[in-house]
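Notes for the structure review
One-letter residues, chain by chain:
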Amino acid sequence: MPYTPSGFICDRLIRERERKDGEGSVNKPLRFSGQDFNTLKQDCLQKKVLFEDDTFPATVDSLGYKELGHKSSKVKNIVWKRPKDICDNPQFIVGGASRTDICQGDLGDCWLLAAIACLTLNDKLLYRVVPQEQSFSDNYAGIFHFQFWRYGDWVDVVVDDRIPTINNELVFTKSAERNEFWSVLLEKAYAKLHGSYEALKGGNTAEGMEDFTGGVTEFYEMKEAPKELYKIMKKALDRGSLMGCSIDALVPARLETRTVTGLVKGHAYSVTAVGESVKKKSKVHLVRLRNPWGQVEWNGPWSDNSNEWESISKEDKEKLHLQNAEDGEFWMSFDDFMKNYTKIEICNMTPDALDDDKLHKWTVSVNEGRWVRGCSAGGCRNYLDTFWTNPQYRLRLLEEDDDQDNNEVACSFVVALMQKNRRKERKLGGNLFTIGFSIYEMQGNKQHMQKEFFLLNASKARCKAYINLREVTQRFRLSPGEYVIVPSTYEPHQEGEFLLRVFSEKKNVSEEIENRIAADHPVVTSAGEETEEDQQLRTIFQQIAGDEMEISANNLRNVLNRVLADSYRDMNKEVFSLESCRSMIAFMDMAGTGRLNLQEFKQLWNKIKKWQETFKHYEAEQTGFISSYDMRNAINDAGFHLNNPLYNIITMRYANENMNIDFDSFVSCLVRLEGMFRAFQAFDQDGDGTISLSVLEWLQLTLYA
C-alpha cells in the first residue's frame, strides 16, 4: 500500500534515526517484521513449543495471489509440513553447502536459485546470508533466520520450518540430498521478504546476487564491450567482485549443450581470475573460468594440458596457480574468451561486504529518494516542463584514477538506479517502471536546478536506455568535478521509491540537492491612504462584524467571498471554504479569541492580495488552478524555500486528483507554512534550528494551526 503523508514521514524519520545508531549494518541488521530471532527462539524453548510464524503463516496467502492464490487449483493439495515430518534425520547442511543443494521446484525462480548457487562459491558471503550454527537437533525450536541486503540496509528475516508439500514431496526448491533443508528455508525467507512465493516468479540472477551481497551488477554484451574490459575485470576481481559469464543458446532446445571446444551453451560460468603471461616475448592476457558442474572444460588454447603452457616460465605457471585436473576450472586467452562468450556480469561488492584489507575496495555513496506524482515524478527529458522537478543529486568526483590512458585525467564510476518494492506490490497490480538517469555538469550550485538549466545544457552522460528492470546500471569515465544526476521514470506522474548508488574507484560524494529551508517573512503593510477597495472592505467588515467589530470564521468566509467574487466569477463554487477560513483565523489570531478584529483582518487581506498576485502569475489560462509542479515556484516566490520532501508533502496534502491546486488550497498552504515557521522561530530562542516541545505544547500548536 502507498504511504500516507504522515506514515511516510514517520517511517523515513525512524529509518534515519536507526541508521545513526548503526541499525541496518552488516553487524546490526534490521529485524524484519520486528521479529528478533534469539528472543523468539528462547521463548519457544522455554515453553517447549515449535515456532509458528504468524507474519508469514502456513496458508494460501503466503503462497501467492493469482496462480497460487485462493482461486487456484494448484494450491488445493498443498500441505505444510516440518522437515521432521517429511524425512528421517533432517539436517540443515549436509557435507557443506554446494550448488547441488539447489534444485528447482514448481516455481519460476531459477534466477534466484542461480544466484544461490553462485553464493556457494564464496563461503564468507554465503554464511553471512545463511548464519551457521542452525540445526534440527541442538536447541531445535522450529525457527530459522537468514540475512539479506534490502535497499541499503541489511535485514534479518525469521521463518518457521513449515514447508509446502504435495504427497510428502517439496513443492518448491529442494536439495539433491533429501534430508537437507538450508536452501529450502532460504527460499522461504526470501519469499517472506517479498510477500509470497509467487512474488518470486521471474527475475534475473543479478537481482538475487545483489540482495545476497549488497553489491551492484554491471552487464556487458561481448559484441558491445568497452575496449578496456580486461582492465575492468582485473580491477573487479581485485575488489572481491563476483563475476559470471554465459554463452547464449539461440535455439532453446540446445540449452546446456556441449560444443566441440568443451564449452556449454545456455550455461553460466564463474570467472575466478585473470592473469598475464609472456609467450614468445609477447604479453598474453588470460582468463580463468569455472564450470559449476565441477567437470567439462575448455579444450582449446591454454586449456589444462595444451602446448601453450610449455612455452612459459615456471614462475608464470606458479603465479597463475596452474592445476591440471578435471575440476571444471580452466584457463583460456582473453581473445578466445571474447570470441566464445556472449555476455558477462560483474557484481561489485560494497566495502561492508569485504573484510580483507588487501582488497582494493570501491567507494560507495547511497541516496534514497522518491518520485511523487504531481511534484517530483517529472518523467524523462522528453517532458521538459516537468523533468526539472525530479529529485537531483550532486556528485563530486574528487580524485582521478591511478592508471590513466593517453594522459587522460578521468574518474571511473558506476551509477546504479534501483526502484524499490515493485516485486512486493505485484499483488496490488504494481509492475516495474521504465527507469533511467542523466548526468549534467555543474559548478558549485547548491540549489535544485530549475527548468532553464535543462533548456540550456545538454547532458554530459546518461544511461544507454530507459528500461523496465529493477535496476539500471552503467559505468562512466568523467573528469574530476561536480555533476548532477537526475533519476527519473520514463513517463511523468509515476510514483515510487528508489535507491541511487554511486560506486567509484576513488573518493566520491553524492547527496541530494536540497534547497535551504527558510522563510523570508516579508512585512506587508497597507498604503497610508485608503483605496476604494479598502473602503469597500471596511464597509463590508463593519456590516458583518456589528458592534463588537470582530469576525468569526463564518464571517470571514462571507467577507472574503464577497470581495473576491468578481475575480473568480467563473468558478462554480465560493473562493474560500470554511476550513481554510478557520486556518486563517488561527494564523492571525494573536489574542487567542478565535476571532479577528479589523486590524488583524486588514493584515490578513494584504497578505492575501500579495498571494493572489503570485497565484495569477502561474494560473493556467484563468482556470482558477495552478499545476502542482508550478506550486514549487509559486511557494518560492511567496518567500518560502523548501526541499523536495516538503514539496512532496504539500502536493499530497493540497493537490486534487488532477494534480492541480486552487486558490483556496494555495492560501491554506501558505497560511500553514507561515504560521508554522513563525511558531518554530518563537520557540527557537538560541537560533540553532532545533526546538524541544512537550506533548501539550505540540498538540496546542498543531491542533489550532
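Computed from a prediction, not measured in an experiment: that's the story for all the values here.

1. A few points about the overall build of the protein
- Secondary structure summary: the protein contains 21 helices and 27 strands in total.
- Counting every position in the protein, which comprises 705 residues, the buried fraction comes to 51%.
- Within the protein, residue pairs in contact and separated by at least 24 positions form 74% of the contacts whose partners lie at least 6 positions apart.

2. Looking at the sheet that holds strand β1 (residues 30–31)
- As summarised here, the arrangement of the 3 strands in space is β1-β4-β3, forming an open sheet in which the pairing is mixed. Strand pairing shows two members of the sheet lacking a second neighbour, β1 and β3 (143–150), which therefore form its edges.
- Relative to the sheet, helix α2 (residues 37–47) contacts β3 and β4 (153–160), its axis offset from that of β3 by approximately 170°.
- The strands touched by helix α8 (residues 205–213) are β3 and β4; relative to β3, the strand with the most contacts, the crossing angle is about 105°.

3. Some thoughts on the sheet that holds strand β2 (residues 79–81)
- One open sheet accounts for 3 strands, arranged β2-β5-β6; its pairing is antiparallel. Since the sheet does not close on itself, it has two edges, and those belong to β2 and β6 (169–170), each with one partner.
- Relative to strand β5 (residues 163–166), β2 runs antiparallel, the two being bridged by 3 bridges. Bridging from a neighbouring strand, W80 pairs with P164 of β5.

4. Considerations on the pattern of salt bridges
- Tallying each qualifying case throughout the model produces 32 salt bridges.
- Across the salt bridge formed by D53 and K192, the nearest N and O atoms sit 2.7 Å from each other. With D53 in the loop between α2 and α3 (60–63) and K192 in helix α7 (residues 182–194), this pair connects stretches of sequence that are 139 residues apart.
- On the basis of relative accessible area, D53 is assigned to the buried category, the value being 1%.
- The partner of K84 in a salt bridge is D85, and the shortest N-O contact between them spans 3.6 Å.

5. Re the packing of aromatic side chains
- Counted by the stated rule, this structure contains 31 aromatic pairs.
- Summarising the aromatic geometry, the rings of F337 and Y341 are spaced 5.3 Å apart at their centres and angled 35° between planes, so their arrangement reads as tilted.
- A relative accessible area of 3% means that Y341 is categorised as buried.
- With 6.0 Å between their ring centres and 65° between their planes, Y440 and F453 make a pair best called edge-to-face. Here the residue Y440 occupies a position in strand β16 (residues 435–442), and F453 occupies one in helix α13 (residues 451–456), the gap between them amounting to 13 residues.

6. What about unusual backbone geometry?
- With a phi close to 55°, K48 is a non-glycine residue in the positive phi region.
- Turning to its location among the elements, K48 is positioned in the loop between α2 and α3.
- One non-glycine residue, H493, adopts positive backbone phi at about 70°.
- You can see H493 is positioned in the loop between β19 (481–489) and β20 (496–504).

7. Thoughts on the pairing of β5
- Pairing analysis gives 2 bridges linking β5 to β6, with the strands arranged antiparallel. If you follow T165 over to β6, its bridge partner there is L170.
- Hairpin connection, β5 to β6: the antiparallel pair is bridged by 2 residues, and N167 has positive phi, about 55°.

8. Here we look at the packing of helix α5 (residues 110–119) against α7
- Contact geometry of α5 with α7 gives a least axis separation of 12 Å together with a crossing angle of 125°. Here α5 lies oblique to α7, going by the angle between them. Pair α5 / α7 crosses with right-handed handedness. For the pair formed by α5 and α7, the contact residues are W111, L112 and I116 on the first element and W182, L186, E187 and Y190 on the second.
- Residue composition of the contact of α5 with α7, by class: 6 nonpolar, no polar and 1 charged.

9. Comments concerning the UniProt feature "domain: EF-hand" (unreviewed entry) in the protein
- Look at the UniProt record and you will see "domain: EF-hand" (unreviewed entry) annotated at residues 606–641 and 671–705.
- The distance from the first to the last C-alpha atom of residues 606–641 is 21 Å, and the span holds 64% helix and 14% strand.

10. Quick notes on the environment of H194
- Relative to the assigned elements, H194 resides in helix α7.
- Those residues in contact with H194, other than ones at most four positions away along the chain, are R150, A199, L200, D211, R423 and K424.
- A distance of 3.0 Å separates a polar side-chain atom of H194 from the backbone oxygen of Y190.

11. Considerations on the UniProt feature "active site" (unreviewed entry) in the protein
- The UniProt entry lists C110, H267 and N291 under the feature "active site" (unreviewed entry), expressed in the numbering used here.
- We classify C110 as partly exposed; its relative accessible area is 47%.
- Secondary-structure assignment places H267 in the loop between β8 (242–246) and β9 (268–279).

The rules we used
- Residues numbered from 1 in each chain as written.
- Predicted model: local features only at pLDDT ≥ 70, side-chain atom pairs only at ≥ 80, totals over all residues.
- Heavy atoms only, no water.
- Helix = DSSP H or I, 4+ residues; strand = E, 2+ residues; numbered from the N terminus.
- Buried < 20%, exposed > 50% of the residue type's maximum accessible area, 1.4 Å probe, protein only.
- Contact = heavy atoms within 4.5 Å.
- Pairing = 2+ DSSP bridges.
- Axes fitted to C-alpha atoms, helices over the stretch in contact; angles between N-to-C directions.
- Salt bridge = Lys/Arg side-chain N within 4 Å of Asp/Glu carboxyl O.
- Phe/Tyr/Trp six-rings, centres within 6.5 Å; stacked < 30°, edge-to-face > 60°.
- Parallel < 35°, antiparallel > 145°, perpendicular 65-115°, else oblique.
- Left-handed = near helix turned anticlockwise from the far one by under 90°.
- Nonpolar A, V, L, I, M, F, W, Y, C, P; charged D, E, K, R; others polar.
- UniProt positions renumbered as here; feature names shortened; annotations may be inferred.
- Polar contact = N/O pair within 3.5 Å; in protein donor to acceptor, adjacent residues only side chain to side chain.

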